[in-house]
Amino acid sequence: MAAEKKKVLLGVTGGIAAYKACEIVRGLQKAEVDVRVVMTENATKFVGPLTFEALTGHAVGVDEFGYPGDAIPHIHLAQDCDLFLIAPCTMNCAAKLACGLADDLLTSAALATTAPLLVAPAANTQMYTSPASLNNMATLSLRGVELVEADEGYLACGVEGRGRMAEPQRIVERALALLGVRGDMSGVSLMITAGPTIEPIDPVRYITNFSSGKTGYSLARAAARRGADVTIVSGPVAVDPPEGVTVVSVRTAREMRDAAAEVFPACDLAIFAAAVADLRPEDESDRKLKKGLDDAALSTIRLAENPDILSELGHAKREHQVVVGFAAETHDVVDNARKKLIAKNADMIIANEVGPEKAFGTEGNEIYMITAAGEEHLPYMLKSELADIVLDRVLDLR
Ligand code: PMT
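Parameters and conventions
Residues numbered from 1 in each chain as written. Predicted model: local features only at pLDDT ≥ 70, side-chain atom pairs only at ≥ 80, totals over all residues. Heavy atoms only, no water. Helix = DSSP H or I, 4+ residues; strand = E, 2+ residues; numbered from the N terminus. Buried < 20%, exposed > 50% of the residue type's maximum accessible area, 1.4 Å probe, protein only. Contact = heavy atoms within 4.5 Å. Areas by Shrake-Rupley, 256 points an atom, 1.4 Å probe, with all protein chains shown as cover. Lys, Arg positive; Asp, Glu negative; His and termini not counted. Charge placed at Lys NZ, Arg CZ, Asp CG, Glu CD. Near = heavy atom within 4 Å. Polar contact = N/O pair within 3.5 Å; in protein donor to acceptor, adjacent residues only side chain to side chain. 1 Å grid on protein atoms, 1.4 Å probe; cavity = no way out; pocket = protein on both sides within 12 Å on 5 of 7 lines; lining within 4 Å. Sits in = over half its atoms within 2 Å of the grid points. Salt bridge = Lys/Arg side-chain N within 4 Å of Asp/Glu carboxyl O. Disulfide = S-S within 2.5 Å. Points joined across faces, edges and corners; volume = space filled by probe spheres on them. Nonpolar A, V, L, I, M, F, W, Y, C, P; charged D, E, K, R; others polar. Core = buried A, V, L, I, M, F, W, Y, C linked by side-chain atoms within 4.5 Å. Axes fitted to C-alpha atoms, helices over the stretch in contact; angles between N-to-C directions. Parallel < 35°, antiparallel > 145°, perpendicular 65-115°, else oblique. Left-handed = near helix turned anticlockwise from the far one by under 90°.

Draft legend 1. Spotlight on the overall build of the protein. When helices and strands are tallied, the protein shows 14 helices and 19 strands. Seen through its C-alpha atoms, the protein measures out along the principal axes to roughly 80 × 55 × 35 Å. Across the 398 residues of the protein, 51% fall into the buried class. A separation of at least 24 residues holds for 67% of the contacts in the protein among residues at least 6 apart in sequence. Element-wise, carbon and sulfur atoms account for 52% of the exposed surface of the protein, whose accessible area totals about 19200 Å². One way to put it: in the protein the 39 positive side-chain charges average out to a point 3 Å from where the 55 negative ones average out.

Below is the structure:
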């Protein structure tokens, strides 16, 4: 018999980040969580209740005295959830929660619930950092309310500072952790290589490529959310690591090979998303190269081949291990990727064509998943969306 779904009551209050609550709903639903939504009157000025009704398949509560078929919805909704999440939570709502004010459906339900309360505050920087707001959030925290601290960044009011609601994925990860949701990858140990490698020429210069790490980190984030035990072996990137993931930071291909070779034997799955430099300067100067080199020195950086990490570990894989590589191609994308599938002894190669809007550094990508059995094309979509589909297919290979 299928386990009963966990239930989250999502409270949405009136801030510009209200539209991001839709993404939170989707993220929770992907983890098989049943979501109901209550909104403040002000929140409906930013997103219509109909949007949440369509997403959740449940009536959305706004008016305490107008909830369909229920005379006391604040009690029933509050009692029928495993977690009450408020995102975004305005400073006005945080103040009401701190004082125990209950003057609408959302705050009445918050006062009535016995479920854990998770709050993702969002506001203009001055409002967020005002002594009153900080005091209210400290009160909530002391009372056991879980807070997902707002991010720093560009705010809708035109200023830079703290107050931007945390990214939906971060909020979803915290919610799932509090719910103790064990995803379909629980018990799976996954290694992912991500980002570029850098190959030094001298102490201040290096050869590298345009990989941002977004692909590897999106896969890691999705796998961690689904319960996998994830280690990223990562070249230098500016992407935040997902919560609960181990990151082994490396710089060069040889460092990445050593780190990956150490993690690999204990893995069930390994995905090689890194753009590893195939070549490195043979000799790394221990001094900064100066102007005025002679012609021979100016025209030559001797290169040496780096180890092929995927190929080495692909050929070393054991029966139960699934190995997935990537192929970044400028032409004959599928044919070249298929050759890599065989040469590197991988179970799947994910091919992507290098282009201005695809592959390196972009938010989205278009890919071909190639196995011995055939190939599947996925049209352009966000790397975060691709990640879940790739993981579904990789799990099918076990
Ligand atoms: O990080 P992003 O900005 O999101 O960009 C994503 C990406 C374009 C880097 C990613 O989608 C991708 O294609 N990664 C592989 C890039 C690459 O180096 O492709 P390749 O065809 O040269 O290598 C084939 C496979 O062998 C890859 O799995 C690579 O990780 C692996 N390899 C390659 C060389 C080497 N010395 N060691 C390796 O392990």
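Having seen the model, we can carry on.
Draft legend 2. The arrangement of the site of the ligand in detail. In the region of the ligand, 26 residues are neighbours, and Ser212, Ala274, Lys340, Asn352 and Gly361 sit closest. The separation between an oxygen atom of the ligand and a polar side-chain atom of Asn352 is 2.6 Å. With the chains in place, 96% of the 780 Å² that the ligand exposes on its own is no longer accessible. Among the cavities detected, the one that contains the ligand is the second largest pocket. If you tally residues by element for the shell around the ligand, the top one is strand β16 (residues 322–329), at four residues.

Draft legend 3. Structural context of the environment of Ala259. Assignment of secondary structure puts Ala259 in helix α10 (residues 253–263). On a C-alpha basis, the gap between Ala259 and Val248 in space is 7.3 Å, while along the polypeptide they are eleven residues apart. Apart from the residues within four sequence positions on either side, Ala259 is in contact with Val233, Val248 and Val250.

Draft legend 4. The arrangement of the pattern of salt bridges in detail. Enumeration according to the criterion identifies 26 salt bridges in this entry. Of the charged contacts, one joins Arg226 and Asp388 as a salt bridge, the two residues approaching to 2.9 Å between their closest N and O atoms. Linking Arg226 in the loop between α9 (214–225) and β11 (229–234) with Asp388 in helix α14 (residues 383–396), this pair joins segments that are 162 residues apart in sequence. Residues Arg226 and Asp388 agree in their burial class; the two are buried. One salt bridge in this structure joins Lys340 and Glu329, with 2.7 Å as the shortest N-O distance. With Lys340 in helix α13 (residues 333–343) and Glu329 in strand β16, this residue pair connects regions lying eleven residues apart in the sequence. Glu329 sits in the buried class, given a relative accessible area of 8%.

Draft legend 5. The state of the cysteines, seen in detail. Under the criterion given, the structure shown has zero disulfides. Distance from the sulfur of Cys22, which forms no disulfide, to the nearest cysteine sulfur (Cys89) is 17 Å. A relative accessible area of 16% places Cys22 in the buried class.

Draft legend 6. Spatial organisation of empty space enclosed by the protein. Summed over all chains, the structure comprises two cavities of 30 Å³ or more. The volume enclosed by the largest cavity comes to roughly 80 Å³. Thr215, Leu219, Phe326, Ile350, Asn365, Ile367, Lys383, Leu386, Ala387 and Val390 are the residues that line the largest cavity. Sorting the residues of the lining of the largest cavity by element identifies α9, β18 (364–371) and α14 as the ones contributing at least two each. Broken down by class, the residue content of the lining of the largest cavity amounts to seven nonpolar, two polar and one charged. In this structure, the second largest cavity spans a volume of roughly 50 Å³.

Draft legend 7. Inspection of unusual backbone geometry at higher detail. Following Ala87, the chain continues into Pro88 via a peptide bond in cis, with omega recorded as -5 degrees. Looking at where Pro88 falls in the secondary structure, it is placed in strand β3 (residues 83–89). Of note in this structure, Glu32 is not a glycine but carries a positive phi near 65 degrees. Inspection of the secondary structure assignment puts Glu32 in the loop between α1 (21–30) and β2 (34–39).

Draft legend 8. How the structure looks around the nonpolar core. One finds Leu28 and Phe52 to be the most contacted residues of the largest nonpolar core, which totals 34 residues. Elements represented by at least two residues in this core include exactly β1 (7–12), α1, β2, β3, β4 (117–121) and α8 (168–179). In contact with Phe52, not counting residues within four places along its chain, are Val12, Ala18, Ala21, Cys22, Val25, Val37, Met39, Val47, Gly57 and Val60. By size, the runner-up hydrophobic cluster in this structure holds 32 residues, among which are Val188, Leu219, Ile350 and Ile367.

Draft legend 9. Seen up close, the packing of helix α4 (residues 91–99) against helix α7 (residues 131–142). Between α4 and α7, the shortest axis-to-axis distance is 9 Å and the interhelical angle comes to 50 degrees. Judged on the interaxial angle alone, α7 and α4 are oblique. Where α4 crosses over α7, the two elements pack in a sense that is left-handed. Facing α4, whose interface residues are Met91, Ala94, Ala95, Leu97 and Ala98, α7 presents Ser133, Asn136, Met137, Thr139 and Leu140. Of the residues that constitute the contact of α4 with α7, the class distribution is seven nonpolar, three polar and no charged.

Limitation: the analysis is restricted to geometry and does not speak to function.
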